[in-house]
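# Chain and residue survey
One letter stands for each residue in the lines below.
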Amino acid sequence: MAVLVTGGAGYIGSHTCVELLNAGVDVVIVDNFYNCKKSSIERIKALVTKDFKWYECDIRDREGMDAIFKKENIDSVIHFAGLKAVGESVEKPLEYFDNNVNGTLVLLDVMRNNGCKKIVFSSSATVYGMDNVSPLTEDMKVGGVTNPYGRTKFMIEEIMRDLYVSDNEWSICLLRYFNPIGAHKSGTMGEDPNGIPNNLMPYITQVAIGKREFLNVWGDDYDTHDGSGVRDYIHVVDLALGHVKAVEKVSGTTGLYIYNLGTGKGYSVLDVVKAFEKASGAKVPYKIGPRRAGDIATCYSDPSKALNELGWKAERDIEEMCEDSWRWQSQNPNGYPD
Ligand code: NAD
Ligand code: WQD
């Protein structure tokens, strides 16, 4: 029995596949390679001893997905596939709703038609919106999201809730990620954004390697210890290990479960710059800029539910996150090869 991993060649998916395979789980990857390179499949292969299947397919391709379910012995799904750039989603809302929401509807329907009712979904801390006060707990009200990307995550959570109500043979796990950074220890896998990075860590590593002149720190007048925004950064390998636990959970039960995957610690932008400079020995010049639209001052998790119910806890600290991000960037200045 295998786990089908949609978006398994992307940043979080590839790290998760390595941990699943090294835990002895059979894996089938589906990716349309819209936001990753095929060489990431080779990089996964080099880090694991177990073989795996992969398919180039769009999750919206109903016939293609159905054929994969008919061919492979799929027991459960980890669903990473989606578009994720907040700014781009404001420019292209229809593309985001089609890819993320419609893609998920097709996937769920194909799963149901093939008798597979176990799914782990990549949700996001963004569903907590602007008004909840950190530390964020899973029982807080969700919604009030400020951009189309975040709304796709909120809508998919609601769809999955309704699906479970309609048929409680489903086993659904919504994982709300905080801010994934870091890379595999080998330095061979990491985050490889197209164009100008939106997220903090890839921007920092590109400044450190000399691709960009300086970091813009978006605001230094928040109500935080140094005025810059505070987030809960989590090592991508810890996040990957959370998926191994979540897939075990959905395999052994039915129900709808929600877990935060974060460390429970908040670091400011300037804390991350300092930690990165210490871990890498590289300089990260920065300039203070205006606040970025839609940002909040502080966002971090209460991760205790995942510890109590999944037995999962993030183990890697901010220093290790910075070291590993830097190893990936410095060994692969241009990301994955074509
Ligand atoms: P990523 O872009 O690296 O990975 C997503 C993968 O899905 C890519 O390989 C892409 O080619 C593939 N994909 C996209 N649309 C597809 C489609 N229609 N059919 C098949 N494949 C498709 O992103 P990531 O950072 O690894 O994120 C994985 C998931 O986690 C996404 O759903 C994202 O929204 C969610 N998430 C990410 C973060 C983050 O900060 N990275 C935070 C919270 C949630
Ligand atoms: C972190 C901090 C910025 C870039 C986003 C999505 C969220 C989730 C994770 C997918 C903030 C500051 C950033 C820069 C900066 N993704 N910053 N200069 O905004 O917490 O979350 O990614 O689900 O949905 O919204 O992450 O990395 O963009 O920003 O000062 O060049 O770094 O203002 O305080 P964010 P981020």
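See the structure printed just above.
Quick look at the structure, then. All residue numbers refer to positions counted from 1 along the written sequence of the respective chain. Note on labels: chains are lettered from A, ligands numbered from 1, in written order. Note on the predicted model: pLDDT of at least 70 is required for a residue's local features to be given, and 80 or more for side-chain atom pairs to be given and counted; whole-chain, interface and lining totals, by contrast, use all residues. Excluded from the side-chain calculation are hydrogens and water; included are all heavy atoms of the structure.

### A look at the side chain of N99
Numbering of helices and strands runs from the N terminus; a helix is a DSSP stretch of H or I covering at least four residues, while a strand is a stretch of E covering at least two. If you trace the backbone, N99 turns up in helix 5 (residues 93-113). The buried label goes to any residue with under 20% of its type's maximum accessible area, the exposed label to any with over 50%, and the partly exposed label to all in between, with areas taken from a 1.4 Å probe on protein chains only. Residue N99 is classed as buried on the basis of its relative accessible area, which comes to 10%. Of note is the side chain of N99, whose polar atom sits 3.3 Å from the side chain of R60. Contacts were defined at the residue level, with two residues in contact if any of their heavy atoms lie within 4.5 Å. Those residues within four positions of N99 in sequence are excluded, and the remaining contacts are I59, R60, G82, L83 and T104. Any N or O atom pair separated by 3.5 Å or less is treated as a polar contact, with the protein-specific requirement of one donor-capable and one acceptor-capable atom, and with residues adjacent in sequence counted only for side-chain atom pairs.

### Brief notes about the nonpolar core
To define a nonpolar core, start from buried Ala, Val, Leu, Ile, Met, Phe, Trp, Tyr and Cys residues and group those joined through side-chain atoms within 4.5 Å. By size, the foremost hydrophobic cluster in this structure holds 42 residues, and its most contacted members are V27, I44, F52, V120, L175 and L261. If you list the elements that add at least two residues to this core, you get strand 1 (2-6), helix 1 (11-22), strand 2 (26-31), helix 2 (39-47), strand 6 (171-177), helix 8 (236-251), strand 11 (255-261) and helix 10 (304-310). When residues in this core are grouped by element, the largest group, 7 residues, is from helix 8. If sequence neighbours within four positions are ignored, V27 has contacts with A2, V3, V5, C17, L20, L21, F52 and K53. Counting residues in each nonpolar core, the second largest holds 29 residues, with A2, V28, L108 and L163 among its members.

### Observations concerning the pattern of salt bridges
Salt bridges are defined as contacts in which a side-chain nitrogen from Lys or Arg sits within 4 Å of a carboxyl oxygen from Asp or Glu. As enumerated under the stated definition, the model contains 25 salt bridges in all. What emerges from the salt-bridge pattern is a single network uniting K185, D238, R316, E320, D324 and R327.

### Quick look at the packing of aromatic side chains
When two rings of Phe, Tyr or Trp (its six-membered ring) have centres within 6.5 Å they constitute a pair, described as stacked for plane angles under 30 degrees, edge-to-face for angles over 60, and tilted for the intermediate range. By the definition in use, this model includes 4 aromatic pairs. Look at W328 and Y336: their rings are 4.9 Å apart centre to centre, the planes differ by 50°, and that puts the pair in the tilted class. For the residue pair W328 and Y336, the accessibility class agrees, reading buried in each case. The residue whose ring lies beneath K38 is F33, and the NZ or CZ to ring-centre distance is 5.3 Å. The rule for a charge over a ring is simple: NZ of Lys or CZ of Arg within 6 Å of the ring centre, and within 35 degrees of the ring normal. Here the basic side chain of K45 rests over the ring of F52, its NZ or CZ set 5.8 Å away from the ring centre.

### Topic: the sheet that holds strand 9 (residues 230-231)
As summarised here, the arrangement of the 3 strands in space is 12-9-14, forming an open sheet in which the pairing is mixed. Both edges of this open sheet fall to strand 12 (267-268) and strand 14 (298-299), since each of them pairs with a single strand only. Where strand 9 and strand 12 come together, 2 bridges link them in antiparallel fashion. Residue pairing for strand 12: R231 is matched across the bridge by Y267. In this analysis, strands are considered paired if DSSP registers two or more bridges between them.

### Some thoughts on the site of ligand 2
The criterion for a residue being near a molecule or strand is simple. One of its heavy atoms has to lie within 4 Å of it. Taken together, the neighbourhood of ligand 2 is formed by 18 residues, with Y149, N216, R231, R292 and D295 sitting nearest. Here an oxygen atom of ligand 2 and a side-chain polar atom of N179 are 3.0 Å apart. Between an oxygen atom of ligand 2 and a side-chain N or O atom of D295, the distance comes to 2.6 Å. In isolation ligand 2 has 680 Å² of accessible area, and contact with the protein removes 87% of it. The element contributing the most residues to the shell around ligand 2 is strand 8 (residues 215-218), with 4 residues. Basically, the charged four are Asp, Glu, Lys and Arg, the nonpolar ten are Ala, Val, Leu, Ile, Met, Phe, Trp, Tyr, Cys and Pro, and anything else, Gly included, counts as polar. Tallied by class, residues from the shell around ligand 2 come to 8 nonpolar, 7 polar and 3 charged. In this description, accessible areas are obtained by the Shrake-Rupley approach with a 1.4 Å probe, and a residue is regarded as covered only by the protein chains that are shown.

### Re the site of ligand 1
Close to ligand 1 lie 27 residues, the nearest being D31, N35, F80, K84 and Y149. A distance of 2.8 Å is found between an oxygen atom of ligand 1 and a backbone nitrogen or oxygen belonging to Y11. Take F80: an N or O atom from its main chain is 2.7 Å from an oxygen atom of ligand 1. Computed on the free molecule, ligand 1 has an accessible area of 820 Å², of which 96% lies beneath the protein chains in the complex. When residues of the shell around ligand 1 are traced back to their parent elements, those giving at least two are helix 1, strand 5 (118-124) and helix 6 (148-166). With 3 residues, the top contributor of residues to the shell around ligand 1 is strand 5. Grouping the amino acids of the shell around ligand 1 by side-chain chemistry returns 13 nonpolar, 9 polar and 5 charged.

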